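Overview (structure and organization)
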Amino acid sequence: MRFKELDVLRGITALFIIFFHYTRAYPLQTANSFWGIFSYGYLGVSLFFIISGFVIFFTTDKVKSPQEFLIKRFARLYPAYWVCLILTFTLTSLAQFPIFQRTLPEALIGLSMFQALVPGIRSIDGAYWSLLPELMFYILMLIPIILHRKDWKFIRSMGIIWMLLCIIFSYIPLTLTTWYIKSIVNLEYGMLFFAGMVFYQIANNKNDKSNYLLLALTYIAYFIQHRNNYIECGITLAFYGIFLLFIYDKLQWIINKPLMFIGTISYPLYLIHQFWGYIIIRYLKMWGLQSIFGLFIPLIISISLAWLITSYIEKPCNEWIRTRFLKKS
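Scope of this entry: the structure provided in the associated data block. (Residues numbered from 1 in each chain as written. Predicted model: local features only at pLDDT ≥ 70, side-chain atom pairs only at ≥ 80, totals over all residues. Heavy atoms only, no water.)

1. Things to note about unusual backbone geometry
Non-glycine residue Gln 96 carries a positive phi angle of around 65°. Topologically, Gln 96 is positioned in the loop between helix H3 (66-95) and helix H4 (104-110). Classification of Gln 96 as exposed rests on a relative accessible area of 55%. One non-glycine residue, Asp 249, adopts positive backbone phi at about 60°. The exposure class assigned to Asp 249 is exposed, which follows from its relative accessible area of 52%. (Helix = DSSP H or I, 4+ residues; strand = E, 2+ residues; numbered from the N terminus. Buried < 20%, exposed > 50% of the residue type's maximum accessible area, 1.4 Å probe, protein only.)

What follows is the structure, given as structure tokens:
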């Protein structure tokens, strides 16, 4: 099941993240006041996390076993990721820019998607940092599947405990040990995933006022976690408002084909755009092509690669893995 509004939100979010990387985060990109609107584009990842929490019920409601859940998640995440990782590692190795280069052991460990937990191992692309919270969320969702307790009452109890841990650990000094705990239990971004789950429940039962209190709890956990940056908190609150508009069917006006297209290729686009874009920008600068070229040429190349990966890798592999390893009911 797909919601066109969510595809559009994915598309808009992906573009904001890309524009942030190309206009603000790139080390040698010249500052320009116009591009300042993308200064907080990195927060688009937060909206991605909320969307992931919302759509997870479409998977958990239908799966009959932990194995089925893992196979479906593997099919969704890994084939496109592996191709993007190999392409990025190849380009950074050939381009010979030390700041982007990675070692072969880092690439091999990176294939696991758990490289952030291995000391001294860098991701092949800077954008890959968000994959660990996503994976930890899916692993957490195995608990109700294993226990055959996929009902909202049980998941809600899990979520409340999760939110309390998020709040408690935000006051504990960060050490290597606490960092590992926060990463494995997903205490830094867990409130966003759980917020998406609560939004799903509100969409299906708008009369249950307790879900609105749960939603408030997720934001309180986020606010406490990011209490030193009021702008981030305000933008994330706006994401909550946008999602409320979505579940109350007030976002249909944003549906359009170009943004839906970007939304459908948003996963490989997110994975491929950063270091590929940075290297293209560097070559454009070396060739004397700057300004608008430094933004739209890498954008067009990234979108083209993402479309190819979606069409010829992600979708076919997803279908093949499901057909090969999941028994038909």
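2. Some words on a nonpolar patch on the surface
Nonpolar side chains collect at one region of the surface, where Ile 160, Ile 161, Leu 164, Leu 165, Ile 168, Ile 172, Ile 181, Ile 184 and Val 185 lie side by side and expose about 690 Å² of accessible area between them. Elements that contribute at least two residues to the nonpolar patch include exactly helix H7 (152-169) and helix H8 (176-184). It is H7 that contributes the most residues to the nonpolar patch, 5 residues altogether. In this structure, Leu 165 sits in helix H7. (Patch = residues over 30% accessible without salt bridge, like charges linked within 9 Å, V, L, I, M, F, W, Y side chains within 5 Å. Areas by Shrake-Rupley, 256 points an atom, 1.4 Å probe, with all protein chains shown as cover. Salt bridge = Lys/Arg side-chain N within 4 Å of Asp/Glu carboxyl O.)

3. Side note on the nonpolar core
Counting 105 residues, the largest nonpolar core has Phe 54, Tyr 81, Met 197, Phe 199 and Phe 243 as the members making the most contacts within it. When residues in this core are grouped by element, the largest group, 12 residues, is from helix H13 (residues 266-286). Not counting the four nearest positions on each side in its chain, Tyr 81 is found in contact with Gly 110, Leu 111, Met 113, Gln 115, Tyr 128, Leu 131, Tyr 267 and Leu 271. (Core = buried A, V, L, I, M, F, W, Y, C linked by side-chain atoms within 4.5 Å. Contact = heavy atoms within 4.5 Å.)

4. What about the packing of aromatic side chains?
Taken as a whole, this structure holds 42 aromatic pairs when the rule is applied. Their ring planes at 85° and their centres at 5.4 Å tell us that Phe 3 and Phe 246 sit as a pair that is edge-to-face. Placement of Phe 3 in the segment before helix H1 (4-25) and of Phe 246 in helix H11 (residues 230-247) is noted, with a sequence separation of 243 residues between them. Take Phe 246: its relative accessible area is 3%, and that puts it in the buried class. Measuring from ring centre to ring centre gives 6.1 Å for Trp 307 and Tyr 312, while their planes differ by 85°; the resulting arrangement is edge-to-face. Its relative accessible area of 38% is what places Trp 307 among the partly exposed residues. (Phe/Tyr/Trp six-rings, centres within 6.5 Å; stacked < 30°, edge-to-face > 60°.)

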